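One-letter residues, chain by chain:
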Amino acid sequence: MVEIEIDGRKVQAQEGSMLIRAAEENGTFIPHFCYHKKLSVAANCRMCLVDIEKAPKPMPACATPVTQGMIVRTKSDKAVKAQQSVMEFLLINHPLDCPICDQGGECQLQDLAVGYGGSKSRYNEEKRVVFPKDVGPLISMEEMSRCIQCTRCVRFGQEIAGVMELGMSNRGEHSEIETFVGRSINSELSGNMIDICPVGALTSKPFRYSARTWELSRRKSVSPHDSTGANLIVQVKNGQVLRVVPLENESVNECWIADRDRFSYEALNSDQRLTQPMIKQGGQWREVDWTTALEYVANGLKGVKAEHGAGAIGALATAHSTVEELFLLGELMRGLGSDNIDTRLRHTEFAAGQGAQWLGMPIADLSTLESALVVGSFLRKDHPLFASRLRQAAKKGCSISAIGATTDDWLMPVAQRVTVAPSAWVQALADVASAIAAQLNVAAPAAGNATDAAQAIAASLLSGERKAVLLGNAAVQHPQASSLLALAQWIAQTTGAKFGVFGEAANTVGAQLVGAQPRTGGLNAGQMLNGKALKAAVLFHAEPEFDAANPSAARAAVDAAEMVVSLSAFKTAATDYADVLLPIAPFSETSGTFVNAEGRVQSFHGVVKPLGETRPGWKVLRVLGTMLGIPGFEYDTSEQVKARALGDLATVPARLSNATSAPITVSASTGGLERIADVPVYSADALVRRSPALQATADAAAPVASLPQALWAELGLSDGASVKVSQDGASAVLPAVLDASLPANVVRVPAGHAATATLGAAFGAVRVEKA
């Protein structure tokens, strides 16, 4: 630390830190535009010019490191006149359209012009005009004449998102921010450019002209999508959610959110919302009141139990549901005498005796890793903010290795990548374990070959101090997930690395903590959704045709059930197979709790009133439990349910464990064609599937069958061709795309989409023929 003087006050500052940061930390505001604490220094707006003693001219505070004894004046005549001169230049070409600008009321330029701008301009020349640009459905660049070339958006793309989608062309007053050769902006983090733009040049296209900032009320919430648990500020007008922006939390999401966190709110106001309980009678749906609907459900469940036994009743939920909802759903099932409840709808293996799997470290520690091995993850799309953290680590020298079936660009350096068919993932991990065992002269946990790639990964994990072995969604959902888990555990323990699981959804950890899976011999999701075991199915926020590992079998299972109860916020395909539809609130209309990947318990309140006759899911379950005569459903608030569900929050960390004693089975690859199925980022849950803006992006394009080079040549395909993909007795015709990076026996066909819902399991043998 060094001592400096700012405006006559002596303060302490970190040696080498920039002056603007030191001033900010000590309560002194210096006006600025291009500076942002998360981005590199550009020093191109010059608004932060300050007077430094012994300096010959005003210096930019954002690019001047502090030194011992430095004397700084931020409000002297010299500093203020310099700042006023800069403001005058910035306003030469800026249009005077504050009354119609979406940024009006929350604009840095507008605020600073009050203090540093003149009452009139000395320039009479015409202002320059920049033509609007269409860069996609999320970001509006209609008013680029407002741009002051601060380059925050350019630096964000390069440094945080990892892809330079925007750049500056031309020079001087002809400078423009634009995309390359008319491309659209497709980053999964692109919406953050809207937040960091200090003027109204980049605005939200879905929010455009919807409301003025001072008309919006602001309420805190938590993202219901991935396991990051990003903190949100939800902005509301007239009982409708109109905008979502990040709430800064350095330990969780820093000051960023993913685009699905930002734009999925559109689904909350869509015409697909289910707002009234409905019962199917004589093949026709009719709206009823809540009492009639719940009595129908209670009597139906009692009837199935009496005729087939409690074991014929099962509940299938997604881990996007809250702790309170999942706890009460489990209590309801067990009160009926059934242990058939599960949230692991996409899993294909269900090993017994595992604890609550979690990240194994604080989220913030991902940014400081020195080496990491990521197994079975579509990292960028599954966990955009985790990918951003690892990207920051890679920029500092972290050696990142990957084992998977694809070579998707993670927008970061990947030191070693082992790309093999899913059936060979266990062997690839066993090879790494063997290489580690050979270097340490210990026994390997399974037979493996210390290939060159395996030795490089082993060397990476054996060096440094901060390291991790991380399993992605595809690894956890793999048919040999327990072997992958056991091998990863051995590797982590042997190398001194942290061992973690990314987690699929907002409340994956919470679902495990409250027992939303079989405890004493009940059916798991795979057993419930394969065959005709269920006679009564309770679907909670779940759409089996999109959320299940085998959508074709799942649809057949619910079709075969005598009674299907769908509790959802939306009208879904359940209208074809359900008997009762109960409208329950999405995250914005209920209070609840999510437990994120690091085990952080985050509660939130509803930000708007439930739409129509929608009711919070936990209240619906409470009433249903009471009507069924099950004791222990006397709750008045969600806080009471949370207290019962999670118990002492101080003990939550002790209940998290990735430890496993499962045996390791290394099986030989079948050699035939195998499917790898990613879940596209905007197909992962009910909200994103119904957001018009997100569904108009490149990431939401119709699925294609990606084929390896050898298969492409064997079938004699050319650009624009289609193929018939057959699996488990079902088939789908999809456009074919050549992906030369795929292993020779792997076909990539996405899941979670209507076009592929007729196919079978996410992993398994497939047959491909020319359509």
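The name given to the protein chain in an unreviewed UniProt entry is NADH-quinone oxidoreductase, and the organism recorded there is Aquabacterium lacunae. Turning to the protein chain, the UniProt record has this under Sequence similarities (unreviewed entry): "Belongs to the complex I 75 kDa subunit family." Quoted verbatim from the Catalytic activity (unreviewed entry) field of UniProt, the annotation for the protein chain is "a quinone + NADH + 5 H(+)(in) = a quinol + NAD(+) + 4 H(+)(out)".

Spatially, the five strands line up as an open sheet ordered β2-β1-β5-β3-β4, and their pairing is mixed. Each having just a single partner strand, β2 (9–13) and β4 (59–60) make up the two edges of the open sheet. Both strand β1 (residues 2–6) and β2 contribute to a ladder of five bridges, which runs antiparallel. Bridge pairing in β2 places Val-2 opposite Ala-13. Taken strand by strand, helix α2 (residues 77–91) contacts β3 (49–52) and β5 (71–73), and its axis lies near 160° from that of β3.

Looking now at the side chain of Thr-151. Considering the arrangement of structural elements, one finds Thr-151 in the loop between β7 (139–141) and α4 (152–161). Since its relative accessible area comes to 13%, Thr-151 is described here as buried. Polar side-chain contacts of Thr-151 include one of 3.3 Å to the side chain of Asn-44.

This part covers unusual backbone geometry. For residues besides glycine, phi is generally negative; the peptide bonds are generally trans as well. Unlike most non-glycine residues, Gln-149 shows phi in positive territory, near 55°. In this structure, Gln-149 sits in the loop between β7 and α4. Of note in the backbone geometry, Thr-151 takes a positive phi value of approximately 65° without being a glycine.

What follows concerns the packing of aromatic side chains. Taken as a whole, this structure holds four aromatic pairs when the rule is applied. Aromatic side chains Phe-386 and Phe-502 sit 5.6 Å apart centroid to centroid with 35° between the ring planes, which places their arrangement in the tilted category. Placement of Phe-386 in helix α10 (residues 384–395) and of Phe-502 in the loop between β22 (498–501) and α15 (508–513) is noted, with a sequence separation of 116 residues between them. The same class applies to Phe-386 as to Phe-502, namely buried. Where Phe-594 meets Phe-604, the ring centres are 5.0 Å apart and the plane angle is 40°; that geometry is what we call tilted. Note that Phe-594 is positioned in strand β26 (residues 592–595) and Phe-604 in strand β27 (residues 601–604), a separation of 10 residues in sequence.

Counting residues in hydrophobic clusters, the biggest one holds 75 residues, and the most contacted among them are Phe-33, Ile-139, Phe-156, Leu-166, Leu-202 and Val-241. Broken down by secondary-structure element, the contributors of at least two residues to this core are α2, α3 (108–116), β7, α4, α5 (192–196), β12 (231–237), β13 (240–246) and α22 (692–695). Ranked by the residues each element gives to this core, the list is headed by α4, at five residues. Excluding its chain neighbours within four sequence positions, the residues that come into contact with Phe-156 are Leu-39, Ala-161, Leu-189, Asn-192, Met-193, Ile-196 and Trp-256. Leu-301, Leu-332, Ile-341 and Ala-536 belong to the second-largest nonpolar core, a separate cluster that totals 52 residues.

With that settled, the discussion passes to the packing of helix α11 (residues 425–440) against helix α14 (residues 481–495). One way to put it is that α11 packs onto α14 with a least axis distance of 10 Å and a crossing angle of 20°. Classed by the angle they form, the pair α11 and α14 counts as roughly parallel. Here α11 and α14 pass one another in a crossing that is left-handed. Note on element contacts: α14 touches α11 through Ser-483, Leu-484, Leu-487, Ala-488, Trp-490, Ile-491, Thr-494 and Thr-495, opposite Trp-425, Val-426, Leu-429, Ala-430, Val-432, Ala-433, Ile-436, Ala-437 and Leu-440.

The next subject is the domain arrangement of the protein chain. Partitioning the protein chain into structural domains gives domain 1 (2–200), domain 2 (296–351 + 521–655), domain 3 (363–501) and domain 4 (674–770). Placing a centre on the C-alpha atoms of domain 1 and another on those of domain 3 gives a separation of 40 Å. Residue-level contacts link eight residues of domain 1 with nine residues of domain 3. Carbon and sulfur atoms make up 49% of the area that domain 1 and domain 3 hide from each other, which totals about 690 Å². Across the contact surface, domain 1 and domain 3 share two salt bridges. In this structure, Glu-188 engages Lys-381 in a salt bridge whose closest nitrogen and oxygen atoms are separated by 3.0 Å. At the surface where domain 1 touches domain 3, the tally comes to six residue pairs in polar contact (both at pLDDT 80 or more). A class-by-class count of the residues in the side of domain 1 that touches domain 3 yields four nonpolar, two polar and two charged.

A few words now on empty space enclosed by the protein. To locate leftover empty space, one rolls a probe as large as a water molecule over the atoms. Counting across every chain of the model gives eight cavities of 30 Å³ or more. Empty space within the largest cavity amounts to approximately 260 Å³. Lining the largest cavity are 22 residues; nearest its centre among them are His-320, His-541, Pro-586, Ala-686 and Leu-687. The two domains that each donate at least three residues to the lining of the largest cavity are domain 2 (296–351 + 521–655) and domain 4 (674–770). Its boundaries defined by the atoms lining it, the second largest cavity holds a volume of some 210 Å³. Along its surface, the second largest cavity is lined by 20 residues, and Asp-382, Asn-473, Glu-504, Val-679 and Ala-684 are the ones closest to its centre. Contributions of two or more residues to the lining of the second largest cavity are made by α9 (379–382) and α13 (473–476).

A grouping of Met-164, Phe-180 and Val-181 is seen on the molecular surface, where their side chains present a nonpolar patch of about 310 Å² in accessible area. The residue Met-164 is located in the loop between α4 and β8 (166–169) in this model.

A separate point is the UniProt feature "domain: 4Fe-4S Mo/W bis-MGD-type" (unreviewed entry) in the protein chain. Per the UniProt record, "domain: 4Fe-4S Mo/W bis-MGD-type" (unreviewed entry) is found at residues 216–272. For residues 216–272, the end-to-end C-alpha separation is 24 Å, with 9% helix and 35% strand making up the annotated structure.

This paragraph deals with the pairing of strand β31 (residues 730–738). As paired strands, strand β29 (residues 705–707) and β31 are joined by three bridges and run parallel to one another. By the bridge assignment, Ala-705 is partnered in β31 with Ala-736. Pairing analysis gives six bridges linking strand β30 (residues 722–727) to β31, with the strands arranged antiparallel. Paired with Val-723 across the strands is Leu-734, a residue of β31. Between the end of β30 and the start of β31, which pair antiparallel, lie two residues, with Asp-728 showing a positive phi angle near 50°.

Mapped onto this structure's residue numbering, the UniProt feature "domain: 4Fe-4S His(Cys)3-ligated-type" (unreviewed entry) falls at residues 78–117. For residues 78–117, the helix share is 57%, the strand share is 0%, and the end-to-end C-alpha distance is 16 Å.

Once that is clear, we can look at the side chain of Thr-228. Among the structural elements, Thr-228 can be located in the loop between β11 (217–222) and β12. In terms of polar contacts, Thr-228 uses its side chain to reach the side chain of Asp-226, at 2.9 Å. Discounting chain neighbours no more than four positions away, the residues touching Thr-228 are Val-252, Ile-363, Leu-385, Phe-386 and Asn-596.

Each value, and the rule that gives it
Residues numbered from 1 in each chain as written. Predicted model: local features only at pLDDT ≥ 70, side-chain atom pairs only at ≥ 80, totals over all residues. Heavy atoms only, no water. UniProt positions renumbered as here; feature names shortened; annotations may be inferred. Pairing = 2+ DSSP bridges. Helix = DSSP H or I, 4+ residues; strand = E, 2+ residues; numbered from the N terminus. Contact = heavy atoms within 4.5 Å. Axes fitted to C-alpha atoms, helices over the stretch in contact; angles between N-to-C directions. Buried < 20%, exposed > 50% of the residue type's maximum accessible area, 1.4 Å probe, protein only. Polar contact = N/O pair within 3.5 Å; in protein donor to acceptor, adjacent residues only side chain to side chain. Phe/Tyr/Trp six-rings, centres within 6.5 Å; stacked < 30°, edge-to-face > 60°. Core = buried A, V, L, I, M, F, W, Y, C linked by side-chain atoms within 4.5 Å. Parallel < 35°, antiparallel > 145°, perpendicular 65-115°, else oblique. Left-handed = near helix turned anticlockwise from the far one by under 90°. Domains from an automatic or database assignment. Buried area = accessible area lost by both parts, 1.4 Å probe. Salt bridge = Lys/Arg side-chain N within 4 Å of Asp/Glu carboxyl O. Nonpolar A, V, L, I, M, F, W, Y, C, P; charged D, E, K, R; others polar. 1 Å grid on protein atoms, 1.4 Å probe; cavity = no way out; pocket = protein on both sides within 12 Å on 5 of 7 lines; lining within 4 Å. Points joined across faces, edges and corners; volume = space filled by probe spheres on them. Patch = residues over 30% accessible without salt bridge, like charges linked within 9 Å, V, L, I, M, F, W, Y side chains within 5 Å. Areas by Shrake-Rupley, 256 points an atom, 1.4 Å probe, with all protein chains shown as cover.

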